[in-house]
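Fold and contact review
Here is what each chain is made of, one letter per residue.
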Amino acid sequence: MTTKKIPVTVLSGYLGSGKTTVMNHVLNNRHGLKVAVIVNDMSEVNIDADLIREGSNLSRTEEKLVEMSNGCICCTLREDLLQEVERLAKEGRFDYILIESTGIGEPVPVAQTLTYVDEEKGIDLSTYCRLDCMVTVVDAYRFWHDFSSGESLLERKQALGEDDTREVVDLLIDQIEFCDVLLLNKCDLVKPEELDELEQVLRKLQPRAKFIRTTRGQVDPAEILNTNRFDFDEASQSAGWLNELRKESHTPETEEYGISSFVYRRQRPFHTERFAAFLEDWPVEVVRAKGILWLSSRNEIAASLSQAGPSIQFGPSGYWVSALPDEDRRQVLIEEPELLESWHPVWGDRVSELVLIGIDMQRDEIIRGLDGCLLSDEEMSLDWNTFHDPLPAWQPSCELSTENLA
């Protein structure tokens, strides 16, 4: 007997963006759908669940409100989410499952929980349900304040624990870059021209999603229920910086509100000390940058750089293929022959590729600054290991700040 898969919509968005208001509006306009609701809140008392209980017309006999408190479904409560969704699906009395994730939750792990087999628990939720739509709610009124705050979740007393060192801006980016529908909420609190500029920036960060402007969370339920929009591979590749990197050639677009992007690509290493100085004076007009770097004093390993607002994350991305032992290198090139298309006869796959997205960027000035960090012809012939390297030693991830770089 084949069980009909229950569609699932997940609401993500930073604290205060309006997820609960959106949820209540949808529940009050769902046209007879029997809905099971899962609400995740970090506090011991699930405030959001109370608000939904009071603000929606959920039937106590036909529907279900599940509270998941004092933890996050993307990590500490992941097992609970697995078991709860399986239980609700097996009951066979719901048409839909709506999940409101906590405001500090990341959407990717939640999507993985709903679409991949959990070998340890022996639960495959894709047998019972179908992830239909990942929705991110953005607070149009507070977005730039949160984006540029430079604050961590710990500083705001919103962290999962003492070891949760995430910055607010990085969480905002994670939620924006992985979604099918982006609800730009509280639009009534923002001037029209400022709203237009914000939307254009967000579209640059997330070109794949459907954008819907909302006031007080009022969205047509058909826009986020039974949409068939979700595709994990597409969602994973939907970030604006990836879209830019995949372009074979980049022609400058017509810049609306001064919003633009470009790819900086050079097959020559950075002098690490000069590049560190560039990071200290990072261009404030760059909203988002991401890519891999070739650093002269760390010639064997590619560096990964991810910037959003005042936050810069720097860490190892893995060995360059050309730095691998001969046999390993041959095997990789057999499996990924496209690498040979840009393979340098001396440096192999070593290259710096950095996507930059920003507002009123001085592109030529930024390029000159980055080019000034490259090794000169004379320096190319020297021992690169003798160059001063002030950047932090390799860690799984080194968090930097454009305001205070070591």
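Preceding block: the structure.
Quick caveat, the model's predicted, so the values are computed rather than measured. (Residues numbered from 1 in each chain as written. Predicted model: local features only at pLDDT ≥ 70, side-chain atom pairs only at ≥ 80, totals over all residues. Heavy atoms only, no water.)

Details of the overall build of the chain
Across its full length, the chain holds 13 helices and 15 strands. Expressed as a percentage of its 406 residues, the buried residues of the chain come to 52%. For the chain, contacts bridging at least 24 residues in sequence account for 77% of all contacts bridging at least 6. About 19000 Å² of surface is accessible on the chain, with carbon and sulfur atoms providing 46% of the total. (Helix = DSSP H or I, 4+ residues; strand = E, 2+ residues; numbered from the N terminus. Buried < 20%, exposed > 50% of the residue type's maximum accessible area, 1.4 Å probe, protein only. Contact = heavy atoms within 4.5 Å. Areas by Shrake-Rupley, 256 points an atom, 1.4 Å probe, with all protein chains shown as cover.)

Digging into the nonpolar core
Judged by nonpolar contacts, the single largest core of 36 residues is most densely connected at Phe143, Phe147, Leu182, Leu184 and Leu202. When residues of this core are traced back to their parent elements, those giving at least two are helix 5 (143-147), helix 6 (168-177), strand 8 (181-185), helix 7 (192-205), helix 9 (240-246), strand 10 (259-266) and strand 14 (352-359). With 6 residues, helix 6 is the single largest residue contributor to this core. By size, the runner-up hydrophobic cluster in this structure holds 31 residues, among which are Ala36, Leu81, Phe230 and Phe232. (Core = buried A, V, L, I, M, F, W, Y, C linked by side-chain atoms within 4.5 Å.)

Side note on the packing of helix 3 (residues 78-91) against helix 4 (residues 107-115)
As a packed pair, helix 3 and helix 4 sit with axes 10 Å apart at the nearest point and diverge in direction by 40 degrees. Between helix 3 and helix 4, the angle is such that the two are oblique. Like other packed secondary-structure pairs, helix 3 and helix 4 cross with a definite hand, here right-handed. Taken together, the residues of helix 4 that come into contact with helix 3 (itself represented by Arg78, Leu81, Leu82 and Val85) are Val110, Thr113 and Leu114. Classifying every residue of the contact of helix 3 with helix 4 by side-chain character gives 5 nonpolar, 1 polar and 1 charged. (Axes fitted to C-alpha atoms, helices over the stretch in contact; angles between N-to-C directions. Parallel < 35°, antiparallel > 145°, perpendicular 65-115°, else oblique. Left-handed = near helix turned anticlockwise from the far one by under 90°. Nonpolar A, V, L, I, M, F, W, Y, C, P; charged D, E, K, R; others polar.)

Describing unusual backbone geometry
Positive phi, normally seen in glycine, also occurs at Lys157, with a value near 55 degrees. Locating Lys157 in the fold gives a position in the loop between helix 5 and helix 6. One non-glycine residue, Asn226, adopts positive backbone phi at about 50 degrees. Mapping Asn226 onto the fold places it in the loop between strand 9 (210-213) and helix 8 (232-236). Overall, Asn226 belongs to the partly exposed group, its relative accessible area being 42%.

Quick word on the environment of Ile259
By the element assignment, Ile259 lies in strand 10. Expressed as a C-alpha distance, the spacing of Ile259 and Gly358, which sit 99 residues apart in the sequence, is 5.8 Å.

Description of the packing of aromatic side chains
As enumerated under the stated definition, the model contains 14 aromatic pairs in all. Where Tyr116 meets Phe232, the ring centres are 5.1 Å apart and the plane angle is 45 degrees; that geometry is what we call tilted. Of this pair, Tyr116 sits in the loop between helix 4 and strand 5 (117-118) while Phe232 sits in helix 8, and the two are 116 residues apart along the sequence. (Phe/Tyr/Trp six-rings, centres within 6.5 Å; stacked < 30°, edge-to-face > 60°.)

What to know about the pairing of strand 11 (residues 286-293)
Burial analysis of strand 11 places 6 of its 8 residues in the buried class, the great majority of the element. Relative to strand 14, strand 11 runs antiparallel, the two being bridged by 6 bridges. Among the inter-strand pairings, Lys290 is bridged to a residue of strand 14, identified as Val355. As paired strands, strand 11 and strand 12 (residues 301-308) are joined by 6 bridges and run antiparallel to one another. Bridge pairing in strand 12 links Arg288 to Ala308. (Pairing = 2+ DSSP bridges.)

Some words on helix 4
Burial in helix 4 covers these residues: Pro107, Pro109, Val110, Ala111, Thr113 and Leu114. The inward-facing, buried residues of helix 4 contact strand 1 (6-12), helix 3, strand 4 (96-100), strand 7 (129-139), helix 6 and helix 8.

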